[in-house]
Amino acid sequence: MKKTLSVFLAMILAFMCVVPAFAADGEDVTEPPAESTKKYSVSFRAPSPEFKGGYLYAKTIDGEIQYEEDPDGIYVFYDNRYMTMDNIFPEFWHEVGPERYSPVQYEGTIEVNEGETVAFRIVTSPEYNVATAAVFINDQLASFNAKDEYAVYVDRDLNIEVAEYDEQTGKPAILKNHFNVKLTSGDGYKVKTLKGENYNVVYYGGEFYFRVQILKGYTASGIKVTVQRGNNDLGEYLGEEFDAIGNLMGQNEELKSYGIDEDGCRLYKIENITKDCKVIVSGVQDESTAGVMGIIKRILRLILDFLGIKLDILDSFTDYHTVTVDAAQADGVTYEILRSSSDELSPNEFTVTSGEGITIVVTKKDPLQDVNVIWTPGNEMGTYKTNWVLDYNTVTGEVTYSAVYNIDAISEDMQIVIS
């Protein structure tokens, strides 16, 4: 019996020597294999000179872009996230701290241990549309994972690049952001593209030119043309009335006419477009009632002055501004000032209420005579574009040439020089 028991115990010991050891809970507790010390090169191709500063490879963790402080960065930390200032309403800018940030980026070639994962996103400058950036890893098109990031398992040398040009067409593959400019017409006016031009979208930072036609029976003496940058959902819902209030309250960016075309339309330009825009026109009035608003403004100004009330918002459209005309050097040239209402101070000086505009009609007899019309502020260099139109007097047989200059929304004292 003892011999049998000894043999049995010996068998158990032998069995235990050849099977893996198990923990009390059943888990394998054998020594893990040694980690690999092999490294691979992961190369991120830098943007070519044509796209320098246009995009970068931003490090991500769990799908979130990592940021670091950078005095030259364009990002701020606000409302528990990183964003650019143009995504924050200006009235909240004072709540933004002075720190600036940039994404932590992968640059050049880095060494990565075998078996690790490199995760990143493409971040473009505001000029380019990140959705058009295609990433290739070892010449294979890469795609996002569930966390909207590129994540690559490193088990070989890797070359990562963004396709900058279409191989078949040679055209850029990373497209610039483009924006729409909404043109709206209303009672007494039409807003249109330049004559002979079709509407096109505007690329980031570009310019847009348009014209405003005043219809017969209406006057533009009180016209105010502005641009609203970015979408305004409330304005889209309330429509034209809300837009006009925005103009009255000075909430929109005011545009000044830079000339007229051959059809007599006012010409305007929107510069540095970085968002969708909407053109808003107000102040176009029926000719029969054009002077009424000016009279009302003047009466309101007198009441405010009498009561000693001073409010900036009221001053912006009830103040008086003095306009002086100097035509001493305009030999052989006559002029006429068209305005809805004003107070004459002298033959060459008058006042207009704030926000009102005037039209100058200049006439000459010699078609080759150079005539310059400048006004300060607004047209100091005399760049206003106009057209000289022949006028034949059927009674006298006299031939003259006339040009029209429009000065919109006068907001301060002004001097006009005709020479």
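Residues numbered from 1 in each chain as written. Predicted model: local features only at pLDDT ≥ 70, side-chain atom pairs only at ≥ 80, totals over all residues. Heavy atoms only, no water.

Caption draft 1: Looking closely at the pattern of salt bridges. All chains considered together, the criterion is met by 13 salt bridges. The partner of Glu161 in a salt bridge is Arg45, with the nearest N and O atoms 2.8 Å apart. Within this pair, whereas Glu161 is found in strand β14 (residues 158–162), its partner Arg45 is found in the loop between β1 (39–44) and β2 (55–61), the two being separated by 116 residues in sequence. For Arg45, a relative accessible area of 35% puts it in the partly exposed group. The partner of Glu271 in a salt bridge is Lys269, and the shortest N-O contact between them spans 3.3 Å. A relative accessible area of 27% places Lys269 in the partly exposed class. Taken together, the salt bridges that share partners define one network made up of Lys195, Arg211, Asp261, Glu262 and Asp263. (Salt bridge = Lys/Arg side-chain N within 4 Å of Asp/Glu carboxyl O. Helix = DSSP H or I, 4+ residues; strand = E, 2+ residues; numbered from the N terminus. Buried < 20%, exposed > 50% of the residue type's maximum accessible area, 1.4 Å probe, protein only.)

Caption draft 2: Quick peek at the environment of Asn372. Among the structural elements, Asn372 can be located in the loop between β31 (358–364) and β32 (373–376). Taking the C-alpha atoms as reference points, Asn372 and Val417, separated by 45 residues in sequence, lie 8.0 Å from one another. Asn372 has contacts with Val417, Ile418 and Ser419, leaving out every residue within four places of it along the chain. (Contact = heavy atoms within 4.5 Å.)

Caption draft 3: Expanded view of the packing of aromatic side chains. All told, the structure shown has 20 aromatic pairs when counted by the stated rule. Between Tyr55 and Tyr57, the aromatic rings sit 6.2 Å apart at their centres with planes inclined by 85°, giving edge-to-face as the arrangement. On the basis of relative accessible area, Tyr55 is assigned to the buried category, the value being 6%. For the pair Tyr209 and Tyr258, a centre-to-centre distance of 6.0 Å together with 85° between the ring planes defines the contact as edge-to-face. Of this pair, Tyr209 sits in strand β19 (residues 206–214) while Tyr258 sits in the loop between β22 (253–255) and β23 (259–260), and the two are 49 residues apart along the sequence. Grouping aromatic residues by their ring pairs yields a cluster made of Phe44, Tyr55, Tyr57, Tyr106, Phe120, Phe144 and Tyr150. (Phe/Tyr/Trp six-rings, centres within 6.5 Å; stacked < 30°, edge-to-face > 60°.)

Caption draft 4: Broad picture of the nonpolar core. One finds Tyr57, Phe120, Ile122 and Val135 to be the most contacted residues of the largest nonpolar core, which totals 23 residues. Setting aside residues no more than four positions away along its own chain, Val135 makes contact with Phe120, Ile122, Gln140, Leu141, Ala142, Tyr150, Ile160, Glu161 and Val162. The next biggest cluster of nonpolar side chains, apart from the first, holds 22 residues, and it includes Val362, Val373, Trp375 and Met414. (Core = buried A, V, L, I, M, F, W, Y, C linked by side-chain atoms within 4.5 Å.)

Caption draft 5: The confidence of the model for the chain, seen in detail. Mean pLDDT for the chain: 83, with 78% of residues reaching 70 or above. Scored below 50 in pLDDT, residues 1–5 shows zero contacts in the model against residues more than four places distant or in partner chains. In this model residues 15–29 is a low-confidence stretch, pLDDT under 50, and it forms six contacts with partners more than four residues away in sequence or in other chains. (pLDDT = per-residue confidence, 0-100.)

Caption draft 6: Representation of the pairing of β1 within the structure. Bridge count for β1 against strand β9 (residues 108–113) is six bridges, and the pairing is antiparallel. Residue pairing in the sheet places Tyr40 in a bridge with Val112 of β9. (Pairing = 2+ DSSP bridges.)

Caption draft 7: Here's a closer look at a nonpolar patch on the surface. A cluster of nonpolar side chains, contributed by Tyr199, Val201 and Tyr203, occupies part of the molecular surface with about 280 Å² of accessible area. Along the polypeptide, Tyr199 turns up in the loop between β17 (189–193) and β18 (202–203). On the basis of relative accessibility, which here comes to 34%, the residue Tyr199 falls in the partly exposed class. (Patch = residues over 30% accessible without salt bridge, like charges linked within 9 Å, V, L, I, M, F, W, Y side chains within 5 Å. Areas by Shrake-Rupley, 256 points an atom, 1.4 Å probe, with all protein chains shown as cover.)

Caption draft 8: The sheet that holds strand β33 (residues 389–392), seen in detail. Across the sheet, four strands lie side by side as β28-β31-β34-β33; this open sheet has antiparallel pairing. The strands lining the two open edges of the sheet, one partner per strand, are β28 (333–338) and β33. Ignoring which end each strand starts from, the neighbouring axes of this sheet average 30° apart. When β28 meets β31, the two strands line up antiparallel, connected through six bridges. Opposite Glu336, over in β31, you have Val361 as the bridge partner. (Axes fitted to C-alpha atoms, helices over the stretch in contact; angles between N-to-C directions.)

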